[in-house]
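A closer look at the structure
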Amino acid sequence: MNKTRQTILYLCCDLATAIIAWTLFFFFRNEYIDAYYLEFPEMKGKIILDINFRHGLVVIPLMWLGLYYLTGYYKNIYRKSRLQEFTNTFWVTLIGSLILFFTIILNDNVVNYQAYYYSYLILFAVHFVITYIPRFCITTSTKNKISSRKIGFNTLLVGSNDKAEKLYKRLSTAKKSAGNKFIGFVNVITQEKYQMADYMPHLGKIDDVKSILKDQKIEEILIAIDTKEHAYIEHILHCLLGTKAIIKAIPDNCDIISGRVTLESIHDEPLIIISQNVMPIWQEKIKRAIDIITSIAVLIIGSPLYIFTAIMVACSSKGPIFYKQERIGQYGKPFYIYKYRSMYIDSEVNGPQLSSENDKRITPWGHIMRKFRLDEIPQFYNVLKGDMSLVGPRPERQFFIDQIVKIAPHYLHLQKVRPGITSLGQVKYGYAQSPEEMAARMKYDIIYIENMSIYLDIKILIYTIKTVLSGEGV
């Protein structure tokens, strides 16, 4: 199974069909629309391959590939549903055709509105049909290979007792395969003997799952736990946090599994897909694009202010202009966060401490920077690197996370997303001066994660800018 080759196949087909669709539409427009509807009879039988046509052969196919990428079409290429693929192709073609209509087809010289209606409908129909047919053929061929067990996905079973055994037997004896190639199982509760050991290797316990997923190249995880193990479901999901593998569970566990789930029936074996995506894929791509473009713009446009700030930091006290500190990011991955130094050097000789409103460790210029959040500016570099986002829960140090989790275990759910320069918790609650206040601020960040959208990000950014300009950032 070669995912790269399959992805390239889809890309090549989409590129070729976009070129063919544009060419056919261009010929049709020259031969029919221009001659009959726009009253240019001299154009009949004359196909002029001008510079617009040649530019279109390059730009337009790339535009289509960009739209497909934004909608996540090239993700999970071996697990496509033909119905979902039809819907995706239909809506993307509808939107893409509108973009082309208003940017290329529409002009100010309106001779006949009917020509525009026909142009749009023909563009949509030609592109949709020519694009969907090869996609349907490739997807159908792939699904047949999966059903006949020619293609399989390395699968890990979470569970070791009756439920796990029954699920394994149903899937392994099914006439049509769901694509599961069982590598082994992990236990949730330690026992002297595991039923599943008779069918597949015991790879370890749920706490070891991260290393197992990496070593065994697991692509799919099936959760099949017994009633006595239901109390561990939150721990199981936390252990699986950040994995790129698809996670599914038997329906019996539906009422105890939190998060966004979608019921899927796979060859008469209904399973629940546990989605780790907190935003639609197209919004995730746009959010990341906004992060990059905004960060570049802010760093360039505001450079005179940042140079002035750096000079003031150097003059305010001895020590480096910038300081870096390890924080915990998405999926528990540590990274170094960068800031302008706002405290005197050796301010934590007695160990990690949270700052307070009248903290004597903060320099006079540091107080001014914090008031207008100028000390946070270097974090736009973290955003460019991909460690952070413009909007997301504030990243904390592991030292304080360990304390917060004792008070509020749900705090670890904040690691499902990239941390941010600003957050809903930051604008609603403000700076936290203790682990208890961090736990209290957490509820706003969880609300943000459960309602993540581009619209909400924009609202938070606007509120943050208002806070910065008014000097209420302390």
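A few points on the structure.

**Thoughts on the overall build of the protein chain**
- A tally of helices and strands in the protein chain yields 15 helices and eleven strands.
- A burial count over the protein chain gives 47% of its 474 residues as buried.
- Sequence-distant contacts in the protein chain: of pairs separated by 6 or more residues, those separated by 24 or more amount to 71%.
- Within the structure as shown, the protein chain displays about 24,900 Å² of accessible surface, and the carbon and sulfur contribution to it stands at 61%.

**Some details on helix H6 (residues 209-216)**
- Taken residue by residue, H6 has Val209, Ile212 and Leu213 as its buried positions. What you see down the axis of H6 is that its buried residues fit within an arc of 100°, all on one side. Turned more than 90 degrees from where H6 packs its buried face, Lys214 and Asp215 sit exposed.
- The inward-facing, buried residues of H6 contact strand S1 (153-158), strand S2 (180-187), strand S3 (202-205), strand S4 (220-223) and helix H7 (233-239).
- Just downstream of H6, Lys217 is the residue with a positive phi angle, here 55°.

**Observations concerning the packing of aromatic side chains**
- Overall, the coordinates contain 23 aromatic pairs when judged by the stated rule.
- Considering the side-chain rings of Tyr73 and Tyr74, the 5.3 Å spacing of their centres and the 80° angle between planes classify their relative orientation as edge-to-face.
- The class for Tyr73 is buried, based on a relative accessible area of 3%.
- In this structure Tyr74 comes out as buried when scored by relative accessible area, which is 15%.
- Summarising the aromatic geometry, the rings of Phe322 and Tyr340 are spaced 5.0 Å apart at their centres and angled 20° between planes, so their arrangement reads as stacked. With Phe322 in strand S8 (residues 322-328) and Tyr340 in strand S9 (residues 334-340), this residue pair connects regions lying 18 residues apart in the sequence.
- What makes Phe322 partly exposed here is its relative accessible area of 43%.
- A residue is classified by how much of its surface remains accessible, and Tyr340, at 4% relative accessible area, is buried.

**Examining the pattern of salt bridges**
- Counted under the stated rule, the structure contains eleven salt bridges.
- Through salt bridges with shared partners, a single ionic network connects Arg79, Glu220 and Lys248.

**Brief notes about unusual backbone geometry**
- In the Ramachandran plot, Asn76 falls in the positive-phi region, its phi being about 55° despite a non-glycine side chain.
- Within the secondary structure, Asn76 sits in the loop between helix H2 (51-70) and helix H3 (82-105).
- Notably, Asp346 is not glycine yet its phi reads approximately 60°, a positive angle.
- Inspection of the secondary structure puts Asp346 in the loop between S9 and helix H10 (364-371).

**Points about a nonpolar patch on the surface**
- Taken together, the side chains of Ile292, Ile296, Ile300, Ile301 and Leu384 make up a nonpolar region of the molecular surface, amounting to roughly 450 Å² of accessible area.
- At four residues, helix H8 (residues 281-301) tops the list of elements feeding residues into the nonpolar patch.
- One can find Ile292 in helix H8.
- Judged by relative accessible area, Ile292 falls into the partly exposed class, the value being 32%.

**Things to note about H2**
- The end-to-end C-alpha distance of H2 is 28 Å, a good match for the 28 Å that 20 residues give at a rise of 1.5 Å each.
- Buried within H2 we find Phe53, Gly56, Ile60, Pro61, Trp64, Leu65, Leu67 and Tyr68.
- At the exit of H2 stands Gly72, carrying a positive phi of roughly 75°.

**Topic: the packing of H2 against H3**
- In the contact formed by H2 and H3, the axes pass within 10 Å of each other and the chain directions differ by 140°. Considered as vectors, H2 and H3 are oriented oblique to each other. Relative to H3, the crossing made by H2 is right-handed. Taking contact as the criterion, the partners of Ile60, Met63, Trp64, Leu67 and Tyr68 in H2 are, on H3, Val92, Thr93, Gly96, Ser97, Ile99, Leu100 and Ile104.
- Broken down by class, the residue content of the contact of H2 with H3 amounts to nine nonpolar, three polar and no charged.

**Examining the side chain of Gln379**
- With respect to the element layout, Gln379 can be found in helix H11 (residues 379-385).
- Taking the relative accessible area as the measure of exposure, Gln379 reaches 0% and is therefore buried.
- A distance of 2.9 Å separates polar atoms of two side chains, one belonging to Gln379 and the other to Arg394.
- In this structure Gln379 touches Ile337, Tyr338, Lys339, Met388, Arg394 and Ile421, once residues within four positions along its chain are discounted.

Rules and cut-offs
- Residue positions are given per chain, counting from 1 as you read along its sequence in written order.
- Selection of residues for local features in this predicted model requires a pLDDT of at least 70, selection of side-chain atom pairs for listing and counting requires 80 or more, and totals for whole chains, interfaces and linings are taken over all residues.
- Side-chain figures throughout are based on the complete set of non-hydrogen atoms in the structure, without hydrogens or water.
- Each helix corresponds to a stretch of at least 4 residues labelled H or I by DSSP, and each strand to a stretch of at least 2 residues labelled E; elements are numbered beginning at the N terminus.
- Whether a residue is buried, partly exposed or exposed follows from its accessible area with a 1.4 Å probe, protein chains only, as a fraction of its type maximum: under 20%, in between, or over 50%, in that order.
- Here a residue-residue contact requires only that any non-hydrogen atoms of the pair lie within 4.5 Å.
- All accessible-area figures derive from a Shrake-Rupley calculation using a 1.4 Å probe, and residue coverage is judged against the displayed protein chains alone.
- The directions from the helix axis to the C-beta atoms form the arc being described.
- Pairing of aromatic rings covers Phe, Tyr and the six-membered ring of Trp, with a centre-to-centre limit of 6.5 Å; geometry is then stacked below 30 degrees between planes, edge-to-face above 60, and tilted otherwise.
- Throughout this description, the term salt bridge denotes a Lys or Arg side-chain nitrogen within 4 Å of a carboxyl oxygen of Asp or Glu.
- Residues enter patches when they are more than 30% accessible in relative terms and free of salt bridges; like-charged ones are connected within 9 Å and nonpolar ones (Val, Leu, Ile, Met, Phe, Trp, Tyr) within 5 Å.
- One fewer than the residue count of a helix, multiplied by 1.5 Å, yields its expected span.
- Working convention: axes come from line fits to C-alpha atoms, limited for helices to the stretch in contact. Angles between N-to-C directions cover 0 to 180 degrees.
- Here the word oblique covers every angle except those under 35 degrees (roughly parallel), over 145 (roughly antiparallel) and from 65 to 115 (roughly perpendicular).
- Note: crossing handedness is left-handed where the near helix turns anticlockwise from the far helix by less than a right angle, and right-handed where it turns clockwise.
- Ten residues, namely Ala, Val, Leu, Ile, Met, Phe, Trp, Tyr, Cys and Pro, are considered nonpolar, four, namely Asp, Glu, Lys and Arg, are considered charged, and the remaining ones, Gly among them, are considered polar.
- Between N or O atoms, a polar contact is any pair within 3.5 Å; within protein, one atom must be a potential hydrogen donor and the other a potential acceptor, and residues adjacent in sequence are included only when both atoms are from side chains.

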